[in-house]
Every structure is written in structure tokens, then in C-alpha cells.
Amino acid sequence: LCAAYFRQERYDDARDELREAMSASEDDRALGLFQTVAQFRADELVQIREQLSDIDRRDPDAARLYELRAGIELLLDEPDKAAVSATNAGRYAGEGGGSAGASYFLGVARFQLGQYEQAVDPLRQAVTLDDNLADAYFLLGVLGKDFLADGSHALEDFKRYIDEGGQDPRAEDWIVELGG
């Protein structure tokens, strides 16, 4: 809906839809934001990112805006920029030190940058803040299995991915491969 409003140049309605996604409970916000921005074409995402380029750090929504920007930058295949934005989201979150979404985006960005060991902590932080993030468990499993030689953690992460409703059939194959 947000993308449709944007394409019709109904920017106030699009902004309201984004605000609604941003104000969702912590459990739903990361997924809702990512699903919302994923509806946009790349050129539209570039426009939105540019509008988010001058975030006022005193703005009470600064952390959420940085989180949104990180998600957009991941969709634009700009993991280096996404890592900076996700870090800023955590920095300006105040008490509690960040959100599951910002931590997840930071972990994904570091993974895409080939910083495998540095991807683990933010992904673990993401599942600590929201233990229903199936995709974070999947990525942790891949990291453990293929990049960090940590089969026992990979096995547990793939099992948790399945428990949280993950649908990628490779996870079940990898559970068997890892002795589960």
C-alpha cells in the first residue's frame, strides 16, 4: 500500500503507512518495515534513501529512521552503507541499545561484506531482542556451518529456524548433515 501511494505521488499517505510500520510493536516492526520497503522499485528506494540522508539525531524517531535507511540500503545492495545506518540506529536508540531490526540489518550487512565473525554478535543480539526472527537463525546457521566451522551452533540455529516457521528446505537437509 505504501508503494502504491508513493507511485501515485500521495506522499502524505505513503508517509503515514511508513509511520504505521515504524510504530508497530518491536516483534513486528523489523519485518513490517522490510516488507514495506521491499515493495518499492530501486529508483524509488534511492529517492527515499536520499530523503533520509539528513536525519536529525535529536529527532525522537532518529533510530527508527536509521533502521529504515539500513533496510533500504540492503535492498539496494549497499551493505557498507547499511552497516553504518544500522550502527547509527543502535547508537540513537537510547535505553535498550537498539532494536531487533537494526541488529539484524547490521548482521546481514556484515555478512554481505564478508565480515563473518563480526556478523554473529548483531545477529545474536537480534534474536535476543526478538526470538521469532527466523531469518536471523537461518543466517546464523549458515555462518556456523559454512564460514566459522561451528557445527554445534549451526545445528541449533537451523533447528530454531524451523521451529520459528522457516520454510527453506535446505535447513532440514543441513540439520541431517550436521547430525541432528
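This section reports on the structure supplied with the text.

Conventions and cut-offs
Residues numbered from 1 in each chain as written. Predicted model: local features only at pLDDT ≥ 70, side-chain atom pairs only at ≥ 80, totals over all residues. Heavy atoms only, no water. Helix = DSSP H or I, 4+ residues; strand = E, 2+ residues; numbered from the N terminus. Expected span 1.5 Å × (residues − 1). Buried < 20%, exposed > 50% of the residue type's maximum accessible area, 1.4 Å probe, protein only. Contact = heavy atoms within 4.5 Å. Axes fitted to C-alpha atoms, helices over the stretch in contact; angles between N-to-C directions. Parallel < 35°, antiparallel > 145°, perpendicular 65-115°, else oblique. Left-handed = near helix turned anticlockwise from the far one by under 90°. Nonpolar A, V, L, I, M, F, W, Y, C, P; charged D, E, K, R; others polar. Core = buried A, V, L, I, M, F, W, Y, C linked by side-chain atoms within 4.5 Å.

Quick notes on helix H9 (residues 134–147)
Think of an α-helix as 3.6 residues a turn; residues three or four steps apart then line up on the same face. An ideal rise of 1.5 Å per residue puts 20 Å on 14 residues; H9 measures up with 19 Å between its terminal C-alpha atoms. H9 sits mainly inside the fold: 10 of its 14 residues count as buried. Regarding H9, the residues found buried are Ala 134, Ala 136, Tyr 137, Phe 138, Leu 139, Leu 140, Gly 141, Val 142, Leu 143 and Gly 144. Buried-residue contacts for H9 involve helix H7 (100–112), helix H8 (116–129), helix H10 (151–163) and helix H11 (169–177). Following H9 by one or two positions, Ala 149 adopts a phi angle in the positive range, close to 50°.

As for the packing of helix H6 (residues 79–91) against H7
Two elements in contact, H6 and H7, have axes whose closest approach is 8 Å; the angle formed by their N-to-C orientations is 150°. It follows from the interaxial angle that H6 and H7 lie roughly antiparallel. When you trace H6 past H7, the crossing you get is left-handed. Across the interface between the two elements, Pro 79, Ala 82, Ala 83, Ala 86, Thr 87 and Ala 89 from H6 touch Ala 102, Phe 105, Leu 106, Ala 109 and Gln 112 from H7. Partitioned by chemical class, the residues of the contact of H6 with H7 number nine nonpolar, two polar and no charged.

Some thoughts on the environment of Ala 119
Here Ala 119 lies in helix H8. In this structure Ala 119 comes out as buried when scored by relative accessible area, which is 0%. Taking the C-alpha atoms as reference, Ala 119 lies 7.3 Å from Leu 106; in sequence the two are 13 residues apart.

Observations regarding the side chain of Arg 69
Its location among the elements puts Arg 69 in helix H5 (residues 62–75). Discounting chain neighbours no more than four positions away, the residues touching Arg 69 are Arg 49, Leu 52, Ser 53, Ile 55 and Ser 85.

Observations regarding unusual backbone geometry
Despite not being glycine, Asp 77 shows a phi value in the positive range, around 60°. When you line up the elements, Asp 77 lands in the loop between H5 and H6. Positive phi, normally seen in glycine, also occurs at Ala 149, with a value near 50°. Locating Ala 149 in the fold gives a position in the loop between H9 and H10. Classification of Ala 149 as exposed rests on a relative accessible area of 76%.

Thoughts on the nonpolar core
In terms of nonpolar packing, the biggest core is built from 32 residues, with Tyr 104, Leu 123, Leu 133, Phe 138 and Phe 158 touching the most fellow members. Mapped by element, the contributors of at least two residues to this core are H5, H6, H7, H8, H9, H10 and H11. Here this core takes eight residues from H9, the largest share from any one element. Sequence-distant contacts of Phe 158, that is, excluding residues within four places in its chain, are made with Phe 138, Gly 141, Val 142, Lys 145, Ala 171, Trp 174, Ile 175 and Leu 178. One finds Leu 45, Ile 48, Leu 65 and Leu 76 within the second-largest nonpolar core, a separate group that totals 12 residues.

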